[in-house]
Every structure is written in structure tokens, then in C-alpha cells.
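Residue strings, one per chain:
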Amino acid sequence: MKKNVWFLVCGILSIIEAVAMGLMTVIFFVFSSMIKSGDFNDLFTDPQYTLTQQELDMMASMLNGMAIFMLIMLAVAIFCAVVYLKYRSKTPQEIKTKSGLILTAIVLSFFVGGILVGIFGVLGYNKVNEEKTETFVAGESSSNDLKSKLDELNKVKEAGMISEEEYAKKREDLINKL
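Calculation notes
Residues numbered from 1 in each chain as written. Predicted model: local features only at pLDDT ≥ 70, side-chain atom pairs only at ≥ 80, totals over all residues. Heavy atoms only, no water. Helix = DSSP H or I, 4+ residues; strand = E, 2+ residues; numbered from the N terminus. Buried < 20%, exposed > 50% of the residue type's maximum accessible area, 1.4 Å probe, protein only. Contact = heavy atoms within 4.5 Å. Areas by Shrake-Rupley, 256 points an atom, 1.4 Å probe, with all protein chains shown as cover. Salt bridge = Lys/Arg side-chain N within 4 Å of Asp/Glu carboxyl O. pLDDT = per-residue confidence, 0-100.

Participant: What is the right way to look at the overall build of the protein chain in this model?
Facilitator: Per the secondary structure count, the protein chain includes six helices and zero strands. Ordered by position in the sequence, the α and β elements of the protein chain form the string α-α-α-α-α-α. Within the span of the protein chain, comprising 178 residues, buried residues form 29% of the whole. For the protein chain, the proportion of contacts with a sequence separation of at least 24, taken over those separated by at least 6, is 71%. Surface summary for the protein chain: the accessible area is close to 11,600 Å², and the carbon and sulfur share equals 65%.

Participant: Would you explain the pattern of salt bridges in this entry?
Facilitator: Opposite charge on two side chains permits them to pair, given that their charged atoms come into close proximity. With the rule as written, the count across this model stands at two salt bridges. Of the charged contacts in the structure, one is a salt bridge between K157 and E164, with a shortest N-O distance of 3.6 Å. Measuring nitrogen to oxygen at the nearest pair gives 3.5 Å for the salt bridge that ties K169 to D173. Within this pair, K169 and its partner D173 are both found in helix α6 (residues 164–176), separated by four residues, close to a single helical turn.

Participant: Even after reading the chapter, I still don't get the confidence of the model for the protein chain, so can you show me in this structure?
Facilitator: Across the protein chain, the average pLDDT comes to 80, with 83% of residues at 70 or higher. Ranking the elements of the protein chain by mean pLDDT puts helix α5 (residues 115–158) last with 70 and helix α2 (residues 53–87) first with 90. Low pLDDT, under 50, characterises residues 135–141; the stretch is placed with one contact to residues that sit more than four places away or in other chains.

In C-alpha cells:
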């Protein structure tokens, strides 16, 4: 089974998004603490640009809210990265059982702002579906091969070339090879 390159790219981009969101969260919390400690007004020497305490409190609350939102986005980006990286080397059958999880990661990738990650996730999921189709077609041909082999074995038995015991053993061997 080849690894799904699209899921690998999605995982790496999701990790980069998570790092960026983590940095933004830290920046928001740092600015919020600067405002609360009173260091923010010291940046402005012109009295015309000095903010009131109410404005400073409102700005600190807004930055805290943005930091919390970024923490949520960070968690979503980490979830998406884990899903993409975990399923990049799984077989189509394994992915089929967890397709809801992968589709959730794709949708959340669009939500987090990673439009490219979402697009690449869709491409990766389509690649999985193509591999499932190829596997299904290959499975059909193997079942046709089995049918022809069983028919041939049955003809050999009917011709009296093998005993009933040998027929049963060979038939069981052919079926177990699936």
C-alpha cells in the first residue's frame, strides 16, 4: 500500500497552522497582560493617544477572547493533523471504516482557515476512493479466477481423476486462499 501523499501534505500544513495559531495565542495573552499591568499606555507619549481605563479593559477582554478562540482553533488544527498523519498509510478498507473521522477533519480544515488543507484533504480522500475501486475490481477478477478454478476442479473430479477426499481438500485449499 502506497502512502497517501495528499494526507501527508495535509498533516504537515495542519501542523504549520497549529504552530501559527499557538504563536498568535501567546501574542494575544502577552498584549492582554501588558494592558492589564498598565505597560500599554506607556507606549504612547502623546496625551492625545492615551486610552481610558475602560477602553484598556475592553481591549484586554477582547484580546483574551481572541486568545481563547485561537486556542480552540489550535486544538482543531492538531486534531486534523493527527487524523491526516494517522490515516496517510492506511488501506482503503481501514479508511472506509473511519471515513466519518476523515471527512470531519476535512470539513474542520476548511473551518480553521486552511483552505488548501481542505482541498488537499478532498484530493486525498478521492485518491482513497480510487484505490477502493481498484481493489474492488481486482477482487472481482480474483473471484472469477476462483470460480473457474473450482469449475476445473469439479470437472477433474467428475472425470474420475481424483477421489472425493482429494476433491474436498483441494476445494477447501482454493477457498482458503481468498
